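Structure at a glance
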Amino acid sequence: MKKVLMPLVMVAVLAVIPYVAVEYGKLEYLFGVVIPYTAAVLFIAGFLYRIVDWLRRPVPFRIPTTAGQEKSLDWIRRNPIESPHRAWEAAARVLSEVLFFRSLFRNTRAELHKGTTLAYASNKWLWLGGLAFHWSLLVIVLRHARFFFVMVPGFADFLDHADSFFDVTLPALYLSDAVALAAVTFLVARRFADAKVRLLSLPTDYFPLFLIGAIVTVGILMRYIVRINVMPVKDQMLSLVSLSFAPPGEIGSLFYVHLFLVSVLLVYFPLSKLMHMGGIFLSPTRNQCNNSREKRHVNPWNYDIKFRTYSEYEDDFREKMKKAKLPVEKQ
Ligand code: HEM
């Protein structure tokens, strides 16, 4: 229980701090300028540090995971995605992983039936929930582009229209909001529901879910329930991206909760498992092509081994070997 409560309380405290600070302490400048800039710098530096660190790690061996026939004789049908042979095939595999969570689609669950029989069954819920979570967040983040550009970019406009397709509330309900909320709830519930997953889950698994859940909830509150002034938000974001230190206008305290939680997410990102966002591209089990039969891959830091062939050995010891009546190849 502590594993869940601790991150939950942390997120709640993190949400209360900016609200109280802005509502009663008038600390808009701290929470609207200083903290977002600091968070952005830490995020960019931390993200780059982790990526460069991974890039510098030597990968001497071919270790792609394969689940299909590799390239062999011409008449044997190969599987270019399950066992990529060319770089573009490996790239297609990584992309299919990133965009569609391909390997998670194969997720199975193992259960004991009648106490003794271990049975495996298909389990697509995690795949579906994960996909819904990531795609809806991506759509939300891309839609937010309208706050960062003077002219709303075409893609943000398009997403806005497509996403508010149902038009059932005022302002129009975004499908991505409903999906994101449902998906976060599912991903948290999944960790509670199964005893095995509950045991494996750590506070660092709950914290990002609660944090993202809180950001989405506060966003939804701002849009549909506790209205805030959106124009000063846009002014403030335009000011931040143009690296100005101008103070924010009259926005509303709830916005600072949203912004502060996003800042926490940015700082936390490079330190956490969320780095899988960058790491997936550098994963050697996915991004390498399986061509070891065609090409010899030599460990680049192998030191030169001084070989001594048998004939050299015999040249050195031939006379002694003969005296000891050992057989020699050359007389
Ligand atoms: C600096 C970054 C961000 C700013 C300035 C910002 C600002 C805002 C504002 C002003 C709204 C209210 C929109 C309205 O009334 O129409 C909003 C809504 C929302 N925000 Fe953010 N936000 C940021 C980042 C994020 C992130 C990273 C997430 C997701 C993890 C997120 C999720 C949401 C959601 C779900 C809503 C509800 C309405 C919608 O989907 O547009 N926001 N945000």
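Provided above is the structure to which this section pertains.
Residues numbered from 1 in each chain as written. Predicted model: local features only at pLDDT ≥ 70, side-chain atom pairs only at ≥ 80, totals over all residues. Heavy atoms only, no water.

Focus on the side chain of Glu82
With respect to the helices and strands, the residue Glu82 is situated in the loop between helix H2 (28–56) and helix H3 (87–100). The exposure class of Glu82 is buried, given its relative accessible area of 7%. Ignoring anything within four residues of it in the chain, the contact list for Glu82 reads Thr65, Thr66, Ala67, Gly68, Arg93, Arg102 and Arg106. (Helix = DSSP H or I, 4+ residues; strand = E, 2+ residues; numbered from the N terminus. Buried < 20%, exposed > 50% of the residue type's maximum accessible area, 1.4 Å probe, protein only. Contact = heavy atoms within 4.5 Å.)

What about H3?
Here H3 spans 19 Å end to end across 14 residues, near enough to the 20 Å set by a 1.5 Å rise per residue. Inspection of H3 places Glu89, Ala90, Arg93, Val94, Ser96 and Glu97 among the buried residues, and these make up the whole buried set. Buried residues of H3, viewed axially, fall in a sector of 160°; they line one side. Along H3, the residues that are exposed and aim more than 90 degrees away from the buried face are Ala87 and Trp88. Structurally, H3 contributes buried residues whose contacts are with helix H12 (284–287). Phe101 lies just past H3 and shows a positive phi near 50°. (Expected span 1.5 Å × (residues − 1). Arc of directions from axis to C-beta.)

A short note on the site of the ligand
Residues in close proximity to the ligand total 23 residues, the closest being Arg143, His144, Asp177, Arg223 and His258. In this structure, Asp177 approaches the ligand through a side-chain N or O atom, which is 2.4 Å from an oxygen atom. Along the lines of polarity and charge, the residues of the shell around the ligand split into 16 nonpolar, 3 polar and 4 charged. (Near = heavy atom within 4 Å. Polar contact = N/O pair within 3.5 Å; in protein donor to acceptor, adjacent residues only side chain to side chain. Nonpolar A, V, L, I, M, F, W, Y, C, P; charged D, E, K, R; others polar.)

Notes on the packing of helix H6 (residues 175–193) against helix H8 (residues 203–225)
It is the contact of H6 with H8, at a shortest axis distance of 10 Å, that shows an interaxial angle of 155°. Taken together, the axes of H6 and H8 are roughly antiparallel relative to one another. In this structure, H6 meets H8 at a crossing whose hand is left-handed. Residue-level inspection shows Asp177, Ala180, Leu181, Val184, Leu187, Val188, Arg191 and Phe192 of H6 in contact with H8, the latter providing Asp205, Tyr206, Leu209, Phe210, Gly213, Val216, Thr217, Ile220, Arg223 and Tyr224. Partitioned by chemical class, the residues of the contact of H6 with H8 number 12 nonpolar, 2 polar and 4 charged. (Axes fitted to C-alpha atoms, helices over the stretch in contact; angles between N-to-C directions. Parallel < 35°, antiparallel > 145°, perpendicular 65-115°, else oblique. Left-handed = near helix turned anticlockwise from the far one by under 90°.)

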